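# Coordinates in review
Each chain, written out:
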Amino acid sequence: MNSAILVEDLSVSFAGQEVLRGLNLEIQAGGPTVLVGRSGLGKTTLLRAVNRLNECLPDCVTTGRVRLRLGGEWVEAYGPATVVEDLRKRVGMVFQTPNVLPVSVERNIALPLRLALGLSAAEIEARQEQALREARLWDEVKDRLAAPAQTLSGGQQQRLCLARALAFAPDILLLDEPTSSLDYKAARGIEDLLLELASRYTLLVVSHSLNQARRLARFMFVLREDGQVEAVDKEALGDKERLLTLMDELF
Ligand SMILES: Nc1ncnc2c1ncn2[C@@H]1O[C@H](COP(=O)(O)OP(=O)(O)OP(=O)(O)O)[C@@H](O)[C@H]1O
Ligand SMILES: [Mg+2]
């Protein structure tokens, strides 16, 4: 096995209320690995713990260890020598609710690339188009790249956020319900893309759709009530009835 994310004894609490409790998890390189679980149990919190976003919240306490394989090296996410900005360049995240910047479509990708990676205008332009094509958005926005990103539809904004994350060519991509605002066909397009990307990136995807999880998951975990995760075995993944029974038991 070739692991890419190792989570050890991770606990996260908000204002003294524990959400994740001593969670252990090993995510394999590539994937996709799909994480499912009842609403409010801490799936987003777990993704945010991987790229250290929870620490932006003043009443949040994180303990435990998260190790990430970045650029061929193991990095201690919470280690004293780790620079969080560097870590986030290598660990991209697409949020449950699209968080476009209040600038044009093209600047949504160009600005972070320029500020974080210091790329030239030519490099930015090339990456921008490639990322928009990969996110299945190029045809819809190629004639309105200068329009404010907020004028895009919800599903288009979600794909723009995905394109922005892809433009960084990260090692690990965290996707929190990446197709929640998309219609069936657009969602299937993104699922195809994620299956393709799994040969290049490590993908950890939160999904609320069992059908989507079955289509995407090479590995699958369920977040349980007790704040820990349980692996879904390979056989159950291929057997819809068994998977449904398992979900009924766990949810
Ligand atoms: N900033 C915060 N301050 C206080 N509590 C929070 C904060 N963020 C999350 N929580 C709490 O942590 C718990 C887990 O939230 P989280 O968003 O991780 O759940 P989730 O599994 O992603 O749910 P959903 O499927 O609805 O997106 C919830 O009870 C939530 O209220
Ligand atoms: Mg969530």
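To keep things clear, this report deals only with the structure shown in the data block. (Residues numbered from 1 in each chain as written. Chains lettered and ligands numbered in written order. Predicted model: local features only at pLDDT ≥ 70, side-chain atom pairs only at ≥ 80, totals over all residues. Heavy atoms only, no water.)

### A look at the coordination of the magnesium ion (ligand 2)
- The magnesium ion (ligand 2) binds to the protein through Thr-44 (OG1) and Gln-96 (OE1); the donor distances cover 2.0 to 2.6 Å. Of this pair, Thr-44 sits in helix H1 (residues 43-50) while Gln-96 sits in the loop between strand E6 (91-94) and helix H3 (105-117), and the two are 52 residues apart along the sequence.
- We classify Gln-96 as partly exposed; its relative accessible area is 33%. (Donors = N, O, S within 2.8 Å, 3.2 Å for Na, K, Ca; no water. Helix = DSSP H or I, 4+ residues; strand = E, 2+ residues; numbered from the N terminus. Buried < 20%, exposed > 50% of the residue type's maximum accessible area, 1.4 Å probe, protein only.)

### Here we look at the nonpolar core
- Grouped together as the largest cluster of nonpolar side chains are 50 residues, with contacts concentrated most on Leu-132, Leu-160, Leu-203 and Met-220.
- With seven residues, the top contributor of residues to this core is helix H6 (residues 154-167).
- Setting aside anything within four residues of it in sequence, one finds Met-220 in contact with Val-34, Val-36, Leu-210, Ala-213, Glu-230, Ala-231, Val-232, Leu-237, Leu-243 and Met-247.
- In this structure, Leu-53, Leu-87, Ile-172 and Leu-204 belong to the second largest nonpolar core, which totals 32 residues. (Core = buried A, V, L, I, M, F, W, Y, C linked by side-chain atoms within 4.5 Å. Contact = heavy atoms within 4.5 Å.)

### Description of the site of ligand 1
- Near ligand 1 you find 13 residues, and of these Ser-39, Gly-40, Lys-43, Thr-45 and Gln-96 are the closest.
- In the environment of ligand 1, an oxygen atom lies 2.7 Å from a nitrogen or oxygen atom belonging to the backbone of Gly-40.
- At 2.5 Å, a side-chain N or O of Thr-45 approaches an oxygen atom of ligand 1.
- In terms of residues, the shell around ligand 1 owes the most to one element, H1, which gives three residues. (Near = heavy atom within 4 Å. Polar contact = N/O pair within 3.5 Å; in protein donor to acceptor, adjacent residues only side chain to side chain.)

### Thoughts on H1
- With seven of eight residues buried, H1 is to be regarded as a mostly interior element.
- Taken residue by residue, H1 has Lys-43, Thr-45, Leu-46, Leu-47, Arg-48, Ala-49 and Val-50 as its buried positions.
- Just downstream of H1 lies Arg-52, where phi reads positive at about 60°.

### Notes on the environment of Thr-151
- You can see Thr-151 is positioned in the loop between helix H5 (138-141) and H6.
- Taking the C-alpha atoms as reference points, Thr-151 and Val-141, separated by ten residues in sequence, lie 11 Å from one another.

### Considering the sheet that holds strand E5 (residues 73-76)
- Here we have four strands laid out as an open sheet, ordered E2-E1-E4-E5, and antiparallel in their pairing. If you trace the sheet from one side to the other, it starts and ends with strand E2 (17-28) and E5, each paired once. Looking at each pair of strands side by side, their axes are set apart by 5° on average, direction ignored.
- Across eight bridges, strand E1 (residues 3-14) lies against E2 in antiparallel orientation. Its bridge partner being in E2, Val-7 is matched across the sheet by Leu-25. (Pairing = 2+ DSSP bridges. Axes fitted to C-alpha atoms, helices over the stretch in contact; angles between N-to-C directions.)

So, to be careful, I would describe these as geometric facts and stop short of saying anything about function.
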